[in-house]
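Residue-level listing of the chains:
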Amino acid sequence: MVVVINKKIKRTIMENKSQYFGSLALIVISCLLFTMFNQLKSNMNKITSSFEENYNLEDASFVTEKKILNVKNLESKFNVLLEESRSVDYEVSSGKILRILTYNTKVNIPAVTEGKLPDKGEILIDPAYARANKLKIGNHITLYKKIFKISGFMSLPNYIYPLKSENDLISDPNSFGIAVIGKDDFDKINMGNRFYSIRFKGSRNNLNYRMSNVKDYLNRSNIVVLRWISASENPRITYVNLKLEGINKMSSSMPIAILAITCILTGVVMWRMLKKEFTSIGTLYAIGYKKREIMNHYMRYPLIIAVLGGILGTILGGFALNPMLNLMITYFNMPIESIEFNLKYIFISIILPVIFLGVSGYFVINKALKYSPLQLMRGGDQKSKVSFIERNLKLDRFKFSTKFKIREQLRNTGRSAFLLLGIIFATMLLLLGFAQKSSFDFLINKSFGEAFSYRYYCVFNSLQIGKPAIGEAFLEIPFAVKEDNNTGLTIYGINSNSKYVLLKNMSGEKLNYEKVIITRPLAERLKVKSGDAIDIVNKLNSKSYKITIDSIAETYAGEYIFMPISRLNNMLKYPSNSYIGLWNINKIDIPQSKLLSSGTVDDLKNAFNSMTQPLQYSVAIVSFISFLIGLIVVYVVTSLIIDENRKSISLMKVLGYRKKEIYSLILNSSFFIVVLGYILGIPLLLISLEAMFKSLTKSMNFEFPVVIDYPYIILGFLILWFTYEISKMLNKRKINRIKMEEALKSEME
């Protein structure tokens, strides 16, 4: 007998295709995102770990004041690989730098992704810079009046995300790239800086302790370490892991949220269908069908949608993997050896909607089947219950159209909850890209721009003593919190009358630079306030210090501590007039051989502008997905309202209501929920983004301020309103198909 009643499944689904196809579309989107993000994460993890292992990624890189002569002895003593490298920044044109590095054979070995290894007079360049500057294999470029032939493209383990400086936030291949040449060719250039890359052999445990031993040895050997940066603190290496953490959070939260919305939708649709078929179910009981057989029949509805949507979404997610992987590799320069599909995620992607919709469907169907056969044949509990909210709203004071719209939402809380959650989710998704762009813009153009007013900076490759002839001197030293060596910070020694640094308190008043000042993000991370003392360790020599915080600067320019340069020199036992870098409003003309790094604030702004261009595409894609979700949610809910009010709509036509009046009553009844959902979605987005940014930037030296500009809020509402109007337009045809005689037929029945 079960086979007989199962014949009506296809007919019922087609009669209510908008609701069921809406559920199907949401499941397809959910499974597509789940498969795509998780397979992307799995492949990127494999590519990253393989690249770092096979090409000997450094554990740290450091700069010393003088050359290390006993490299082999140091390697043997500490069981490490140590390689001396050299680099020079060649100015291709105004604002465009190509960093030339020597070809390493022990640590940070280049991986040739296309072409071949460089011979004498040949060069390898990174593919992102090549694309941005229209360079191809076989082309020739001139460096310091010497011509080099491009032999291929390469990836470097220590430049996965090719930033010009470790303090930069964004990579810009239009203005900065990396290249590798042989050591003999580099010697002929006779320029550049020396640095060392170290990789520890054997056990990978206690790396910080082993690094500390190396630094102690160098200090005892009278070799001053000017800069030391661990791989775990190098954004050129760690940014890819931060991106993967973001993908990991996205791969779980977004698909689950969409599935939750789909469960509510399926529950509402199933309950409406069951209420219509109460009499039929009661009759089935009467002619001998068992509860298990009826349950089995109705469970097929959500399970068919779940299985079909899961399979389609998983297949589409598989097709989306390759372009997404190629997109990631354009940002993170790594070789792709192969693409693998993790069967675990394929299985989960298909089974997850089955579990979610199966559980949701079971509870709804079981609730209906709790009625006795007699109650079911009488139509179940068909009394319309007036909620507590409706009783206390005193709707009699409103006109008929307002009362009708409010009651439509209050008397079907499941449908209203689905609409509200759907609009909130669509709002959060829609404004996500806008909030990211606003936050980046605030960080770079406002927060950083207000705190630092210099245009040019340079950092020397040795400690400078005396008063500089031009520019403002500063000292920049990396430290770590003693209790947590993974929490890094930078202390700046600045002049007490600095004209390039502007730090303000919460009242907007300029702070006294004779004091020790901590920036707000660092203060919040360390949970310190004015008057508190913190224990820190110098990363260059592992010596410990205690400093007391006097003031907190309200800036998000970075996680820094500022103190008088003379006081910092005294603390470090440097000469009182020592400095490591210069700030200036005009370009500083200093030979490259004396510099460790240099650049302009414009580099950061140009990089930001370059980054926002691809971000616009991602914003468009995310906006389109949110548009689809919003359209599906509003369309399905409006369709349900029309189906539940067919008799009322028919009666309105009999009573002479015009089409415009009927459209207003039925199609605009969700207006309040749509507006409420959008309003609630904004703070929820900001809260979730703030939590996500804090999680992702735990190992970075800055914190994102989460903001969204008002024009974007208005634009987002206009997009959502446009979606709402389209769903109304699509549902007008459904209202027009309802005939006046339906009201008379209903009364006769």
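Quantities reported herein were computed from a predicted structural model and do not represent experimental measurements. (Residues numbered from 1 in each chain as written. Predicted model: local features only at pLDDT ≥ 70, side-chain atom pairs only at ≥ 80, totals over all residues. Heavy atoms only, no water.)

Engineer: Can you explain the environment of Met506? Please cite residues and give values.
Structural biologist: Positionally, Met506 belongs in the loop between strand E13 (488-494) and strand E14 (517-519). Judged by its relative accessible area of 67%, Met506 falls in the exposed class. On a C-alpha basis, the gap between Met506 and Glu554 in space is 6.0 Å, while along the polypeptide they are 48 residues apart. The contact partners of Met506, leaving out residues within four places of it in the chain, are Arg520 and Glu554. (Helix = DSSP H or I, 4+ residues; strand = E, 2+ residues; numbered from the N terminus. Buried < 20%, exposed > 50% of the residue type's maximum accessible area, 1.4 Å probe, protein only. Contact = heavy atoms within 4.5 Å.)

Engineer: Describe in detail the side chain of Asn366, supporting the description with residues and values.
Structural biologist: Looking at where Asn366 falls in the secondary structure, it is placed in helix H11 (residues 343-368). The contacts of Asn366, once residues within four sequence positions are left out, are Lys291 and Met295.

Engineer: Please give an account of a positive patch on the surface that cites residues and values.
Structural biologist: On the surface, a cluster of positive charge is made up of Lys275, Lys291, Lys367 and Lys370. Secondary-structure assignment places Lys291 in helix H10 (residues 291-331). (Patch = residues over 30% accessible without salt bridge, like charges linked within 9 Å, V, L, I, M, F, W, Y side chains within 5 Å. Areas by Shrake-Rupley, 256 points an atom, 1.4 Å probe, with all protein chains shown as cover. Salt bridge = Lys/Arg side-chain N within 4 Å of Asp/Glu carboxyl O. Lys, Arg positive; Asp, Glu negative; His and termini not counted. Charge placed at Lys NZ, Arg CZ, Asp CG, Glu CD.)

Engineer: An account of the side chain of Arg199 is requested, with residue identities and associated values reported.
Structural biologist: One can find Arg199 in strand E9 (residues 193-200). Here Glu53 takes part through its side chain, which lies 3.5 Å from a polar atom of the side chain of Arg199. When near neighbours in sequence (up to four residues on either side) are disregarded, Arg199 contacts Glu52, Glu53, Asn56, Leu57, Asp59, Val80, Leu81, Val107 and Arg204. (Polar contact = N/O pair within 3.5 Å; in protein donor to acceptor, adjacent residues only side chain to side chain.)

Engineer: A description of the pattern of salt bridges should follow, citing residues and the corresponding values.
Structural biologist: For side chains of opposite charge, pairing can occur when their charged atoms come near one another. The tally for this structure, following the rule as stated, stands at 16 salt bridges. Where Glu233 meets Lys539, a salt bridge forms, and the shortest distance between an N and an O atom there is 2.3 Å. With a gap of 306 residues between them, Glu233 in the loop between strand E10 (225-230) and helix H8 (235-276) and Lys539 in the loop between strand E15 (533-538) and strand E16 (544-548) connect regions that are remote in the sequence. What makes Glu233 partly exposed here is its relative accessible area of 22%. We note a salt bridge from Arg520 to Glu554, for which the minimum N-O separation is 2.4 Å. With Arg520 in helix H16 (residues 520-526) and Glu554 in the loop between strand E17 (551-553) and strand E18 (560-564), this residue pair connects regions lying 34 residues apart in the sequence. With relative accessibility at 16%, the residue Arg520 sits in the buried group.

Engineer: Describe helix H22 (residues 710-736), with residues and values.
Structural biologist: Each α-helix turn comprises 3.6 residues. Residues three or four places apart therefore point the same way. For H22, spanning 27 residues, the distance from its first C-alpha to its last is 39 Å, which sits close to the expected 39 Å at 1.5 Å a residue. By the burial criterion, the buried members of H22 are Tyr712, Ile713, Gly716, Leu720, Thr723, Tyr724, Ile726, Ser727, Lys728, Asn731, Lys734 and Ile735. (Expected span 1.5 Å × (residues − 1).)

Engineer: Just give me the short version of the nonpolar core, but keep the residues and values in it.
Structural biologist: Met44, Ile281, Tyr298, Met334 and Ile629 are the most contacted members of the largest nonpolar core, which has 107 residues in total. Among the elements that line this core, the one with the most residues is H8, at 16 residues. The residues touching Met44, leaving out its near neighbours within four places in the chain, are Val240, Leu244, Leu325, Met328, Ile329 and Met334. Residues Leu124, Phe460, Leu511 and Tyr545 belong to the second largest nonpolar core, which totals 89 residues. (Core = buried A, V, L, I, M, F, W, Y, C linked by side-chain atoms within 4.5 Å.)

Engineer: Any details on the packing of helix H3 (residues 17-54) against H8? Residues and values, ideally.
Structural biologist: Running from N to C, H3 and H8 point in directions that differ by 160°, and their axes come no closer than 9 Å. With respect to H8, the axis of H3 lies roughly antiparallel. Of the two possible hands of crossing, H3 and H8 adopt the one that is left-handed. Here the contact of H3 with H8 is built from residues that sort into 23 nonpolar, twelve polar and three charged. (Axes fitted to C-alpha atoms, helices over the stretch in contact; angles between N-to-C directions. Parallel < 35°, antiparallel > 145°, perpendicular 65-115°, else oblique. Left-handed = near helix turned anticlockwise from the far one by under 90°. Nonpolar A, V, L, I, M, F, W, Y, C, P; charged D, E, K, R; others polar.)

Engineer: Can you lay out the packing of aromatic side chains for me, pointing to particular residues and giving the numbers?
Structural biologist: All chains considered together, the criterion is met by 31 aromatic pairs. With a centroid separation of 6.0 Å and an interplanar angle of 55°, the aromatic rings of Phe474 and Tyr492 are classed as tilted. In this pair, Phe474 is assigned in strand E12 (residues 472-481) and Tyr492 in strand E13, connecting sequence segments 18 residues apart. Looking at Tyr492, the relative accessible area reads 7%, which means it is buried. Ring geometry for Tyr492 against Tyr560: centres 5.1 Å apart, planes inclined by 90°, an arrangement best described as edge-to-face. Highlighted residues: Tyr492 in strand E13 and Tyr560 in strand E18, separated in sequence by 68 residues. Pairwise contacts between aromatic rings join Phe452, Tyr454, Tyr457, Phe474, Tyr492, Tyr560, Phe562 and Trp583 into one cluster. Taking NZ or CZ as reference, Lys77 lies 5.8 Å from the ring centre of Phe78, over its face. (Phe/Tyr/Trp six-rings, centres within 6.5 Å; stacked < 30°, edge-to-face > 60°. Lys NZ or Arg CZ within 6 Å of the ring centre and 35° of its normal.)

Engineer: Please set out the environment of Lys647 residue by residue, giving values where relevant.
Structural biologist: Along the chain, Lys647 falls in helix H19 (residues 646-654). With 92 residues separating them along the chain, Lys647 and Lys739 place their C-alpha atoms 9.5 Å apart.

Engineer: Go over the pairing of E13 with me, naming the residues and quoting the values.
Structural biologist: The buried count for E13 comes to seven of seven residues, which makes it a mostly enclosed element. By the bridge criterion, six bridges tie E12 to E13 in an arrangement that is antiparallel. Counted as the bridge partner of Phe479 is Leu489 from E13. Strand direction decides the pairing type here: E13 and E18, joined by five bridges, are parallel. Bridge assignment links Thr490 to a residue of E18, and that residue is Tyr560. (Pairing = 2+ DSSP bridges.)

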